[in-house]
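Report on the structure
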Amino acid sequence: MEPFYFKSYDKVVGVARDLNELVRELARLSREDPGCVEYHLKEGHVVAWLNYIGERGLAEILKGVSSPREALSRISEFRAIPRRETRSRKQKTRRANI
């Protein structure tokens with residue numbers, strides 16, 4: 001999968017390959033280049049990338065968010081919600097236990 005590139009005036013200022021890196025880069029760039037983060041949020045680039053990597057629930061929660069602080073807050077809340085195991089994960093666990 002392709003990483004998410006934070007660009008500021010055609011210069012790459014951050015890269016995220018997964019959700020953990022996205023959170024770290026959002027936090028760092030919120031301090032160093034908040035305009036860059038606001039742009040990518042406002043334009044829906046972050047939401048599109050989250051959909052691309054399969055994080056559809058989080059993408060839906062971030063739709064319309066342009067504030068870096070609000071995005072980080074929503075991501076934190078999303079990650080705190082317990083997830084149900086998917087059926088395939090349960091099946092893999094059962095097979096391993098046989």
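Residues numbered from 1 in each chain as written. Predicted model: local features only at pLDDT ≥ 70, side-chain atom pairs only at ≥ 80, totals over all residues. Heavy atoms only, no water.

A separate point is the side chain of E25. On the secondary structure map, E25 appears in helix α1 (residues 19–32). From its side chain, E25 meets the backbone nitrogen of V15 in a polar contact 3.4 Å long. There is a polar contact of 2.8 Å between the side chain of E25 and the side chain of R28. If we ignore the near neighbours within four places in the chain, the residues touching E25 are F6, V13, G14, V15 and S30. (Helix = DSSP H or I, 4+ residues; strand = E, 2+ residues; numbered from the N terminus. Polar contact = N/O pair within 3.5 Å; in protein donor to acceptor, adjacent residues only side chain to side chain. Contact = heavy atoms within 4.5 Å.)

It is worth spelling out the pattern of salt bridges at this point. Applying the stated criterion across every chain yields a total of five salt bridges. Across the pair R28 and E25 runs a salt bridge, and its minimum N-O distance is 2.8 Å. Of this pair, R28 and E25 both sit in helix α1, three residues apart, which is roughly one turn of that helix. For R28, a relative accessible area of 23% translates into the label partly exposed. Ionic pairing is found between E32 and R28, a salt bridge with its closest N-O pair at 2.7 Å. Highlighted residues: E32 and R28, both in helix α1, separated by four residues, approximately one helical turn. On the basis of relative accessible area, E32 is assigned to the exposed category, the value being 55%. Connected through shared salt-bridge partners, E25, R28 and E32 make up one network. (Salt bridge = Lys/Arg side-chain N within 4 Å of Asp/Glu carboxyl O. Buried < 20%, exposed > 50% of the residue type's maximum accessible area, 1.4 Å probe, protein only.)

Moving on to helix α2 (residues 34–42). Every buried residue belonging to α2 is among C36, V37, H40 and L41, and all of these are buried. The buried residues of α2 occupy an angular sector of 130° when the element is viewed end-on, so they sit on one face. Tucked inside the fold, the buried residues of α2 contact β1 (4–8), β2 (11–16), α1, α3 (45–52) and α5 (68–80). G44 occupies a position one or two residues after α2 and carries a positive phi of about 80°. (Arc of directions from axis to C-beta.)

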